[in-house]
Every structure is written in structure tokens, then in C-alpha cells.
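Coordinate analysis (summary)
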Amino acid sequence: MKELDKKLKIISGNARKLIMEVACSSKSAHVGSSLSCVDILVSLYFHQLKINKNNWDKRDIFVLSKAHGAMALYSVLKLKGFINDKTLKLYFQNNGSLPAHLDRFTNKAIEVSTGSLGHGFNIALGMAHGFKLKGDKRKVYALIGDGESQEGSIWEAALFAPCLGLDNFTAIMDHNDLQGYGRPTEICHFEPIMKKWEAFGWQPYRVNGHNFSEIISAFKKPHNGRPKIIIADTCKGKGVSFMENEMKWHYYIVTDELKEKALQEICKGI
């Protein structure tokens with residue numbers, strides 16, 4: 001596991017560098033939201049997901065429901081070989097093809113167009129239900145935000161999924177404890193979150209969302225005949241000290257000077 005941790009840490013560092021580069025060149029917001037979920041995405045794409053270009057019809061499915069973290073997904077897909085340098089560099093720019101929120105027609109590895117919070121989660125559940133009905137053994141994963149978890153559509157799906165016996169579905173909450181206008185406790189409090197999901201019929205687990213061993217272990221833990229949710233406690237802006245746990249990095253723009261400062265920190269941390 002130590003060798004795997006080392007490998008995934010390097011990949012995450014490289015993904016964070018790409019995020020800084022494209023955030024600066026595009027003048028895009030949502031940097032902090034992207035940095036908080038990088039380690040989760042790297043754990044998925046470089047260890048957990050069964051995804052092979054040569055056996056595409058048998059792939060597992062991942063849906064990024066918190067689509068404002070798109071820079072993280074694009075960067076990981078670049079490192080996985082699904083997006084090329086030119087395409088990534090034109091993210092959120094004129095004549096580019098990658099928007100600030102996800103469009104499934106831009107790349108075959110983007111499974112669902114998402115942006116309106118709560119929608120991707122429900123679509124992913126529908127896909128998992130479809131696989132069940134067809135006897136398809138593929139797995140479906142969806143990443144939601146903690147602010148997104150205040151959406152009513154999340155809880156409608158949370159209520160319905162156990163009724164369908166969707167033990168082929170895993171949700172991950174990027175619990176960075178910051179949303180667009182403050183902390184969830186200040187806006188719409190959802191704790192005790194573990195007990196709520198369990199009461200709805202889910203199998204919940206809680207991990208440090210920046211600890212690869214814990215994330216991977218949670219992916220391997222049993223569903224017990226139920227859909228599974230992993231509450232991943234993360235830090236908004238993770239990997240760049242002046243962005244960490246700062247709400248402003250939901251919106252702030254990365255200047256050339258800040259980019260260089262951030263890249264130095266990220267490189268030292270790899």
C-alpha cells in the first residue's frame with residue numbers, strides 16, 4: 001500500500017499543477033472546489049474504476065455531480081490519457097471545447113452533462129438501476145458536494161435508491177465544509193450526516209478524503225445489499241496553503257504571481 005500511496009500522491013500533485021495552469025490561463029473560478037476532490041478522483045481513476053479504452057462498453061461509470069469541480073476531472077482525465085494537452089489548455093476559452101461545467105459531448109469520458117446541483121447524482125442512480133435491470137455487473141460512482149447535499153433532489157434519490165436495491169452504486173461526498181456563501185452549518189445544517197444516510201437505508205463510511213489508504217479501503221468495504229456513501233472529509237484548496245480552508249477560493253482568480261507561488265508549494269509536496 002505504501003508504494004501505491006506514493007504513486008497516487010505523485011499523480012495528485014501533477015493534477016494539482018494542471019489545475020493551477022488552466023485556472024490561471026482561463027481566469028476561471030472554483031479552484032478551491034477542484035483542489036478538494038483531486039485525491040478522490042485520482043483514487044478512482046488510477047485504482048478503483050474498471051475503465052479501459054479497448055473495452056469501453058464494459059467500463060465502470062463515474063459522474064461528477066458537483067460539476068464546478070470540473071478542472072479536477074479534466075486534469076485527471078488528461079493524466080489518464082483521455083484529454084490531450086491542447087484541449088486542456090483551451091479550457092473555458094474561446095475556440096476551446098471544455099466548459100466550466102461538464103458537457104458530455106466534449107469527451108467520451110464525460111458521462112453526463114452536469115452543473116445544476118443534484119442532477120448528476122440522480123442520473124447516476126438511474127444508470128445504476130438500468131445496469132441492475134439488464135443484469136450488467138458494472139459499477140456506478142458519483143461525487144457530490146456538501147453544499148449540493150442541501151438540494152431536495154439529493155434526498156429524493158437517497159430515499160429511492162435503497163428501494164431499488166442499488167448495491168452497485170457508490171456515492172462520495174466531498175465534505176470540505178465550505179460552499180459558495182459560507183459553511184453548511186451557517187446555511188443549511190445537515191449533520192449528523194452519517195446517521196441521516198444510514199436512516200435512509202444506505203451503507204455509510206467516513207474517511208479522510210486526502211488519505212489514499214482510507215479512500216481505497218472504503219471503496220473495498222461491503223455494500224451489505226445497499227447503496228453505499230463515503231463521506232470524505234476534505235479541505236477546500238488542499239495542497240496550496242494560502243487557498244486551504246478559505247471560502248474566497250470558491251470564486252477568486254489565479255494570477256500569474258499566485259500560480260507560481262502555488263506551483264512551488266505543490267512541487268515541494270510531491
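Up top is the structure these notes are about.
First, a word on scope: everything that follows refers to the structure included in this document. (Residues numbered from 1 in each chain as written. Predicted model: local features only at pLDDT ≥ 70, side-chain atom pairs only at ≥ 80, totals over all residues. Heavy atoms only, no water.)

Thoughts on the pairing of strand β1 (residues 61-64)
Under the convention used in this document: Buried means the residue's accessible area, taken with a 1.4 Å probe over protein chains only, is under 20% of the maximum for its type, while exposed means over 50%, and partly exposed covers the values in between. By definition, any uninterrupted DSSP run of H or I lasting at least four residues is a helix, any uninterrupted run of E lasting at least two residues is a strand, and each is numbered from the N terminus. Think of it this way: DSSP has to see at least two bridges between two strands before they count as a pair.
Here β1 shows two buried faces, one formed by I61 and V63 and the other by F62 and L64. Judged from the 4 bridges that link them, β1 and strand β2 (residues 140-145) form a sheet pairing that is parallel. Paired with V63 across the bridge in β2 is A142.

Considering the packing of helix α2 (residues 31-48) against helix α3 (residues 70-80)
Here is the rule we go by: Axis definition: a line fit to C-alpha positions, over the contact stretch in the case of helices; interaxial angles, taken between N-to-C directions, run 0 to 180 degrees. Less than a right angle of anticlockwise turn of the near helix away from the far helix marks a crossing as left-handed, whereas a clockwise turn marks it as right-handed. In this description, contact between two residues means that some pair of their heavy atoms is separated by no more than 4.5 Å. Under the scheme applied here, ten amino acids are nonpolar (Ala, Val, Leu, Ile, Met, Phe, Trp, Tyr, Cys and Pro), four are charged (Asp, Glu, Lys and Arg), and all others, including Gly, are polar.
Contact geometry of α2 with α3 gives a least axis separation of 7 Å together with a crossing angle of 35 degrees. Relative to α3, the crossing made by α2 is right-handed. Every residue of α3 that contacts α2 at V31, S34, C37, V38, L41, V42, Y45 and F46 is listed here: A70, M71, A72, L73, V76, L77, L79 and K80. Residue composition of the contact of α2 with α3, grouped by class: 14 nonpolar, 1 polar and 1 charged.

Here we look at unusual backbone geometry
For the bond running from E191 to P192, omega is 5 degrees, close enough to zero to count as cis. A positive phi angle, close to 70 degrees, is found at N95, a residue other than glycine. By secondary structure assignment, the location of N95 is in the loop between α4 (85-89) and α5 (119-134). In this structure, N224 takes a positive phi of about 55 degrees despite not being glycine. Position of N224 among the secondary structure elements: in the loop between α9 (212-220) and β5 (228-233).

Some words on empty space enclosed by the protein
Here is the rule: Space inside and on the surface of the protein is sampled on a 1 Å grid over the protein atoms alone, with a cavity defined as a set of points where a 1.4 Å probe fits but cannot get out and a pocket as an open set with protein on both sides within 12 Å along at least 5 of 7 lines; lining residues have an atom within 4 Å of a point. Grid points are joined across faces, edges and corners, and a volume is the space filled by probe spheres set on the points.
For the structure on display, the rule yields 2 cavities of 30 Å³ or more. By volume, the largest cavity amounts to about 50 Å³. Lining of the largest cavity is provided by Y45, F62, V63, L64, L73, L102, A109, I110, E111, V112 and T114. Of all the elements, β1 adds the most residues to the lining of the largest cavity, at 3 residues.

Focus on the pattern of salt bridges
Test applied: What counts as a salt bridge is simple: a side-chain nitrogen of Lys or Arg found within 4 Å of a carboxyl oxygen of Asp or Glu.
In the structure shown here, the tally under the stated rule is 11 salt bridges. Taking the shortest distance from any N to any O, the salt bridge between K78 and D85 comes out at 3.1 Å. Assessed through its relative accessible area of 43%, D85 is described here as partly exposed. Taken together, the shared-partner salt bridges in this structure form one network comprising E21, K259 and E260.

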